[in-house]
Amino acid sequence: MAAFEIQTRALTKRFRGGQLAVSSVDLAVPAGAVFGFLGPNGSGKTTTIRMLLGLVFPTAGEISLLGSPMPAAAAAVLPGVGSLVEGPAFHPYLSGRANLARLDAADRRARRRGARSRVQLALERVGLAAAAEKRYRNYSLGMRQRLGIAAALLQPRRLLILDEPTNGLDPQGTREVRHLIAELARDGSTVFVSSHLLSEVEQMCSHVGVMRTGSLVWQGSMTELAAEQRARVSVETADSSLAKAVLADLGLSEIREDVGSASAVIGARRPEDVVVALVAAGVGVRAFTVAKPRLEDVFVQLTGEGFDVSG
Amino acid sequence: MSAAEVLAPAGRTGLGGRLLASELTLILRRRRNQLLLVALAAIPLAIGLATRFAGSAGSRDSVLSGLTNNGVVVGFGTLVAVLPIFLPLVVSVVAGDSVAGEANLGTLRYLLIVPVSRTRLLASKFAALVAWCVLMTAVPALIGLLIGVILFPNAQITVLSGNQIGLADGSARLLVAIGYGALMMIGFAALALFISTLTEVPIAAMATALTLAVVMQVLDLVSALHAIHPWLISHYFFNISDLLRAPVDFSRLQHGALVALGYVLVFWTAAWARLSTKDISS
Ligand SMILES: Nc1ncnc2c1ncn2[C@@H]1O[C@H](COP(=O)(O)OP(=O)(O)O)[C@@H](O)[C@H]1O
Ligand SMILES: [Mg+2]
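Here we summarise the structure given alongside this text.

### A closer look at the pairing of strand 13 (residues 253-258) of chain A
All names here are of chain A.
Next up, step 1: Pairing geometry for strand 13 and strand 14 (residues 261-265), over 4 bridges, is antiparallel. Its bridge partner being in strand 14, Glu-257 is matched across the sheet by Ala-262.
Next up, step 2: Between strand 13 and strand 14, which pair antiparallel and follow one another directly, the connecting turn spans 2 residues, one of which, Gly-260, has a positive phi of 85 degrees.

### Concerning the sheet that holds strand 11 (residues 215-221) of chain A
Residue and element names in this part refer to chain A.
Next up, step 1: If you walk across this open sheet you meet the 6 strands as 7-8-9-4-10-11, and the pairing is mixed. Since the sheet does not close on itself, it has two edges, and those belong to strand 7 (81-84) and strand 11, each with one partner. Shown here is a sheet whose adjacent strand axes are inclined to one another by a mean of 10 degrees, direction ignored.
Next up, step 2: Note: strand 7 against strand 8 (residues 159-163), 4 bridges, orientation parallel. Counterpart to Leu-84 in the pairing with strand 8 is Leu-162.
Next up, step 3: Running over the sheet, helix 1 (residues 45-52) touches strand 4 (34-38), strand 8, strand 9 (190-195) and strand 10 (207-212) and is turned about 150 degrees from strand 9.

### Focus: the pattern of salt bridges
Next up, step 1: Going through the model one piece at a time under the given rule, you end up with 21 salt bridges over all chains.
Next up, step 2: A salt bridge links Asp-104 of chain A to Arg-118 of chain A; the shortest N-O distance between them is 2.7 Å. Placement of the pair is Asp-104 of chain A in helix 3 (residues 96-106) and Arg-118 of chain A in helix 4 (residues 115-125), with a sequence separation of 14 residues. Of the two residues, Asp-104 of chain A and Arg-118 of chain A, both sit in the buried class.
Next up, step 3: Through salt bridges with shared partners, one network takes in Arg-102 of chain A together with Glu-23, Glu-102 and Lys-125 of chain B.

Rules and cut-offs
Residues numbered from 1 in each chain as written. Chains lettered and ligands numbered in written order. Predicted model: local features only at pLDDT ≥ 70, side-chain atom pairs only at ≥ 80, totals over all residues. Heavy atoms only, no water. Pairing = 2+ DSSP bridges. Helix = DSSP H or I, 4+ residues; strand = E, 2+ residues; numbered from the N terminus. Axes fitted to C-alpha atoms, helices over the stretch in contact; angles between N-to-C directions. Contact = heavy atoms within 4.5 Å. Salt bridge = Lys/Arg side-chain N within 4 Å of Asp/Glu carboxyl O. Buried < 20%, exposed > 50% of the residue type's maximum accessible area, 1.4 Å probe, protein only.

Any functional reading would require information beyond the geometric quantities listed.
Here it is as structure tokens:
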């Protein structure tokens, strides 16, 4: 149990009104991971995060956060967790600095002494020091997002839970957030980051969990994911059924046949042997390719048809 | 790296005084609330001038009619004038906003994950409301006293029972009246705080609380409903007039104070029950 910074068992949330937002989710986020929590809008990512943090009470299931049960151990656990939940939220008529000072004041474990420098440090870390005295209502979307991240970084954290942290950021801001996450991970924090963008998860995560309509349909390390990304041979020919039979004779798996082509996962076979076998069997080869599927296609395969990962 | 190295130092945990200070600053720095304070402070000025040029301080209310004009009476007159509507209004606005406003902005979720326990949050919110009630009751009454002393420098006050008391005695009685009025508002604030936990729309909480304050006073006028009158906090607002008799009979004041404390107990507990079981999905 202790090896996982976040672990849930059969975590379920049915909202009043009957909406099943999260359905029997078993998350396991190892210490030191940058865990990408991937899923289209409405798939239950934010609801799961709210339950992890004790904001929303589960209908069923168990949560262990940093090795302690939530929400029972919230007072002991949450000081070690910095979070961004469903976008930033601050008082519009207070400055960025005053907003952070309020959150610092609310923390019983934070002493008055050092409050100024904690706030200043957090602001500098997200590049907001120059705009610190501006009222929050005059912040751009990107500045608001940064202030939200700054709030998560007011204290050193063992775990960061960031719900779509790059939402509303320009490409430059997105790069900075990725950089910040890498830095936090290097310093020993575990990072749990949700996103609806596969490319983003691919670039910064060591692990990934995929949500689809409230269920966790796949989770594992990126290495395991890459293993799912198996190269396929495909041959274009008029005799697609003959080609299919040859591929089957060679012992290839997941054979598919379309009009004018046949394909299969190549596995340990060498492509040149496949070509020889095809030609020997009299298949009229028009084109022959070996290709790794795009990660996106792997996801569609893992999570079912119609899963729009970039949506 | 081990967990201990990156965890925030456990340290001594504070009593939460910093959160209370932050709550008070949040209320007092808000332009809207400052305007409410200024408006309340202007009321005794109007009453003082009207009294000076048009007659008795109590003329708009029978409770105080027939009193001689002087500083203490202007202070009392101000309290009587603000208790039914103005004070419930300023209390409804701030108390209605206190939880619903944070829920509406989304700042509630960020306070809770700091973490601030829901109980401590509600206690801090209520403590700040207590300070607001005291401030909003004391400011107009004390300004009334000041204006009254300037406009009517006669030191002797003829009270409702016909006796005469001095300015010092009268001022002390006004202080007790302020404390009592503030306590009435604190009882009402607990009700408004509870309403504030029921919604994520602050304006709805404010309007509901103020409407309740008015409805309670209307019900109090319907004699057929006398059975419920003892349960209405507004029924006890004007017991402050007992302070203008010599000697003072405190029994009705004590009764009113107990009812206000009952409101605090019941509605703070209700607010706590509501907030601590609520899904924060805003
Ligand atoms: N408070 C709520 N009441 C009812 N349904 C909700 C509530 N919050 C979220 N939902 C529903 O739960 C589902 C999951 O939402 P959410 O967790 O926000 O998804 P995501 O963060 O992946 O976009 C959605 O269908 C949403 O409409
Ligand atoms: Mg979301």
